[in-house]
Amino acid sequence: MAEEGQKRRIAIFGSTGSIGTQALEVIRAHKNVLEAEILTAQTNADLLIKQALEFLPNAVVIGDETKYEQVKDALSATSIKVFAGENALEEVADFDTYEVMLTAIVGFAGLKSTLKGVKKGKVIALSNKETLVVAGDIVMQQAFENRSPIIPVDSEHSAIFQCLIGEARNPIEKIILTASGGPFLGKKPNFLVNVKRDHALQHPNWSMGAKISIDSATLMNKGLEMIEAKWLFNLKPEQIEVVVHPQSIVHSLVQFEDGSLKAQMGLPDMKLPIQYALGFPERMKNDFPRFNFKKYPSLTFEEPDYKTFRNLGLAIDALKAGGNKACVLNAANEIAVWAFLKNRIGFLDITAVVEKTMDKISFIENPTLEEYYESDGEARNFAASVMKM
Ligand code: NDP
Ligand code: MG
């Protein structure tokens, strides 16, 4: 953590995405205590350049090497170091010059750089849930060994983390993750079969990147979050419940052994959990909009529709099975969501592809990191072949 009077230096991996840009808004609102040290993008060179010129980080990474010259030229009047290519993410993650790594890259692609940050003992503000879904045992073990604190950014996990403050001696009976239900809450398969990309991208409460928006519509996001919660809070599958709460005001709950429930609430605004993670353990004063009870006369809760949204059941199967099952589920889902976004498969096909891939790929009980990479690759290839791409 930064010394008294010094700014906390933040490395944002995936600064051009939904979480990344909101993190920069948080930094902008707290310039006296936070500064951007590293920014990374995959293809969006224009936005990366704009961000770099405003926040003047020590280094930037553009994943797409063909855009290196563009970024280098645009930043030539500054002292910002410019890197390009996939390996550059690990290179800058190895820097000593930042304190907090915000993992805001989407998907499996975020795993390597996160592991590097963990090995360096950095504070990890973890947004990239896929990292824990794929290799949660290895990431958490490495974090323990290297004393790398993991502060969740995902709103549900941030809520649980906040509810657990001061409760170290009190075991958790269970946690309850809230789900908005997404844009298709209450819909049945005869409707979902015809759903198109643009409709699925419209989330009622949150504005997010494309992949997580589709995951929210299929409820896979909640399944991934159950697995994320298992690793973050060291829980058994039966201690993790999901309840649909369409208003997204109660961000999640913890039930203790005396039956008492603690919830964390607030407006659905990712800037809040991002700011909490970047400022932890302090709550930084801000002027973001406040919750108003008059606008929310009722908060409602209902059971998820497991029969229609079968991804949730598949994720629970992976959660219970352990080993490489969740890694396979994630890889197949990434491929299927990508295909859906390209209008190559239908909405319900996403579940079919994930299910077939989970049935096909061999189970490994205690995978090494290399085996997780292999399982990811095999699952992607199989999922692609199922879709005949
Ligand atoms: P976006 O798609 O909006 O942004 C992804 C970021 O990662 C962009 O900066 C993108 O660069 C970069 N990126 C994409 N692919 C690669 C790659 N292969 N290698 C390196 N960088 C890459 O995603 P979100 O911000 O929505 O989500 C980020 C993570 O946070 C996800 O894991 C998601 O599940 C999680 N999360 C998001 C929430 C939200 O509200 N958005 C809420 C809770 C969790 P470029 O712009 O150049 O493509
Ligand atoms: Mg969430």
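The following refers to the structure shown. Predicted model, so just to flag it, every value in this text is computed and none were measured. (Residues numbered from 1 in each chain as written. Chains lettered and ligands numbered in written order. Predicted model: local features only at pLDDT ≥ 70, side-chain atom pairs only at ≥ 80, totals over all residues. Heavy atoms only, no water.)

1. Describing the overall build of the protein
Alright, step 1. When its secondary structure is counted, the protein shows 16 helices and 11 strands.
Alright, step 2. Over its C-alpha atoms the protein spans a radius of gyration of 20 Å, differing by no more than 12% from the 21 Å that the globule rule assigns to 389 residues.
Alright, step 3. Along the three orthogonal principal directions, the C-alpha set of the protein runs to about 55 × 50 × 40 Å.
Alright, step 4. Among the 389 residues that make up the protein, the fraction classed as buried is 56%.
Alright, step 5. Counted over contacts in the protein with a minimum sequence separation of 6, partners at least 24 positions apart contribute 67%.
Alright, step 6. Of the roughly 17,600 Å² of accessible surface on the protein, 49% is carried by carbon and sulfur atoms.
Alright, step 7. Averaged over its 43 positive side-chain charges, the protein has a centre that lies 4 Å from the centre of its 49 negative ones. (Helix = DSSP H or I, 4+ residues; strand = E, 2+ residues; numbered from the N terminus. Rg over C-alpha atoms; globule rule 2.2 N^0.38 Å. Buried < 20%, exposed > 50% of the residue type's maximum accessible area, 1.4 Å probe, protein only. Contact = heavy atoms within 4.5 Å. Areas by Shrake-Rupley, 256 points an atom, 1.4 Å probe, with all protein chains shown as cover. Lys, Arg positive; Asp, Glu negative; His and termini not counted. Charge placed at Lys NZ, Arg CZ, Asp CG, Glu CD.)

2. A short note on the sheet that holds strand β8 (residues 172–179)
Alright, step 1. Here we have 4 strands laid out as an open sheet, ordered β9-β8-β10-β11, and mixed in their pairing. A strand with exactly one partner marks an edge of an open sheet, and here the two such strands are β9 (240–244) and β11 (261–265). Between one strand axis and the next, the sheet turns by 20° as a mean value, whatever way the strands run.
Alright, step 2. Pairing of β8 with strand β10 (residues 250–256) involves 5 bridges; the strand directions are antiparallel. (Pairing = 2+ DSSP bridges. Axes fitted to C-alpha atoms, helices over the stretch in contact; angles between N-to-C directions.)

3. A look at the packing of helix α10 (residues 210–218) against helix α14 (residues 325–341)
Alright, step 1. Interaxial distance between α10 and α14 falls to 10 Å at its minimum, and their mutual angle equals 100°. Classified by the interaxial angle, the pair formed by α10 and α14 is roughly perpendicular. On α14, the residues touching Ala210, Lys211, Ile214 and Asp215 of α10 are Asn330, Asn333, Glu334, Val337, Phe340 and Leu341.
Alright, step 2. Each residue belonging to the contact of α10 with α14 can be placed in one class, and the counts come to 5 nonpolar, 2 polar and 3 charged. (Parallel < 35°, antiparallel > 145°, perpendicular 65-115°, else oblique. Nonpolar A, V, L, I, M, F, W, Y, C, P; charged D, E, K, R; others polar.)

4. Observations concerning the pattern of salt bridges
Alright, step 1. Under the counting rule described, the total for this entry stands at 19 salt bridges.
Alright, step 2. Between Arg28 and Glu54 there is a salt bridge, and its shortest N-O distance comes to 2.7 Å. You can see Arg28 sitting in helix α1 (residues 18–29) and its partner Glu54 sitting in helix α2 (residues 45–55), a full 26 residues away along the chain.
Alright, step 3. With relative accessibility at 38%, the residue Arg28 sits in the partly exposed group.
Alright, step 4. For Lys211, the salt bridge is made with Asp215, and the minimal N-O distance between the two is 2.8 Å. (Salt bridge = Lys/Arg side-chain N within 4 Å of Asp/Glu carboxyl O.)

5. So, the sheet that holds strand β2 (residues 34–41)
Alright, step 1. The 7 strands lie next to each other as β4-β3-β2-β1-β5-β6-β7, forming an open sheet whose pairing is parallel. Each end of this open sheet is capped by a strand with a single partner; those strands are β4 (81–84) and β7 (150–152). Shown here is a sheet whose adjacent strand axes are inclined to one another by a mean of 20°, direction ignored.
Alright, step 2. Pairing of strand β1 (residues 8–13) with strand β5 (residues 100–103), which is carried by 4 bridges, proceeds in the parallel orientation. In the sheet register, Ile10 faces β5, and the bridge partner there is Val100.

6. A closer look at the packing of aromatic side chains
Alright, step 1. All chains considered together, the criterion is met by 10 aromatic pairs.
Alright, step 2. With centroids separated by 6.4 Å and ring planes inclined at 75°, the aromatic side chains of Phe161 and Tyr276 adopt a geometry described as edge-to-face. Of this pair, Phe161 sits in helix α7 (residues 155–163) while Tyr276 sits in helix α12 (residues 271–279); the two residues are 115 residues apart in sequence, bridging distant segments of the chain. In this pair, the class of Phe161 matches that of Tyr276, namely buried.
Alright, step 3. Three or more aromatic residues joined by ring pairs make a cluster, and in this case those are Phe184, Phe191, Phe340 and Phe347.
Alright, step 4. Over the face of the ring belonging to Phe191 we find Lys187, whose NZ or CZ atom lies 4.6 Å from the ring centre.
Alright, step 5. The positively charged end of Lys271 is found above the aromatic ring belonging to Phe288, 4.8 Å away from the centroid. (Phe/Tyr/Trp six-rings, centres within 6.5 Å; stacked < 30°, edge-to-face > 60°. Lys NZ or Arg CZ within 6 Å of the ring centre and 35° of its normal.)

7. Description of the nonpolar core
Taken as a class, soluble globular proteins show a tendency for nonpolar side chains to be buried jointly.
Alright, step 1. Among the nonpolar cores identified, the biggest contains 122 residues, and Ile27, Val60, Ile175, Leu278 and Leu329 are the most heavily contacted of them.
Alright, step 2. With 12 residues, the single largest contributor to this core is α14.
Alright, step 3. In contact with Val60, not counting residues within four places along its chain, are Leu39, Leu48, Ala52, Val71, Leu75, Ile80, Lys81, Val82 and Phe83. (Core = buried A, V, L, I, M, F, W, Y, C linked by side-chain atoms within 4.5 Å.)

8. Here we look at the packing of helix α11 (residues 220–233) against α14
Alright, step 1. For the pair α11 and α14, interaxial distance at closest approach is 12 Å and the crossing angle is 155°. Of the possible angle classes, the one that applies to α11 and α14 is roughly antiparallel. Here the hand of the crossing between α11 and α14 comes out left-handed. Across the interface between the two elements, Met220, Leu224 and Ile227 from α11 touch Ala326, Leu329, Asn330 and Asn333 from α14.
Alright, step 2. Along the lines of polarity and charge, the residues of the contact of α11 with α14 split into 5 nonpolar, 2 polar and no charged. (Left-handed = near helix turned anticlockwise from the far one by under 90°.)

9. Observations regarding the pairing of β2
Each regular strand displays side chains that alternate between the two surfaces of the sheet.
Alright, step 1. Across the 8 residues of β2, 7 count as buried, placing the element largely inside the fold.
Alright, step 2. Bridging between β1 and β2 involves 6 bridges; their strand directions are parallel. Note that in β2 the partner of Arg8 across the bridge is Leu34.
Alright, step 3. Where the polypeptide runs from β1 across α1 and back to β2, its parallel neighbour, the crossover connection is right-handed.
Alright, step 4. In this structure, β2 lies alongside strand β3 (residues 59–62), joined through 4 bridges in parallel fashion. In the sheet register, Leu39 faces β3, and the bridge partner there is Val60.
Alright, step 5. Where the polypeptide runs from β2 across α2 and back to β3, its parallel neighbour, the crossover connection is right-handed. (Right-handed = clockwise from strand over helix to strand, strands pointing away.)

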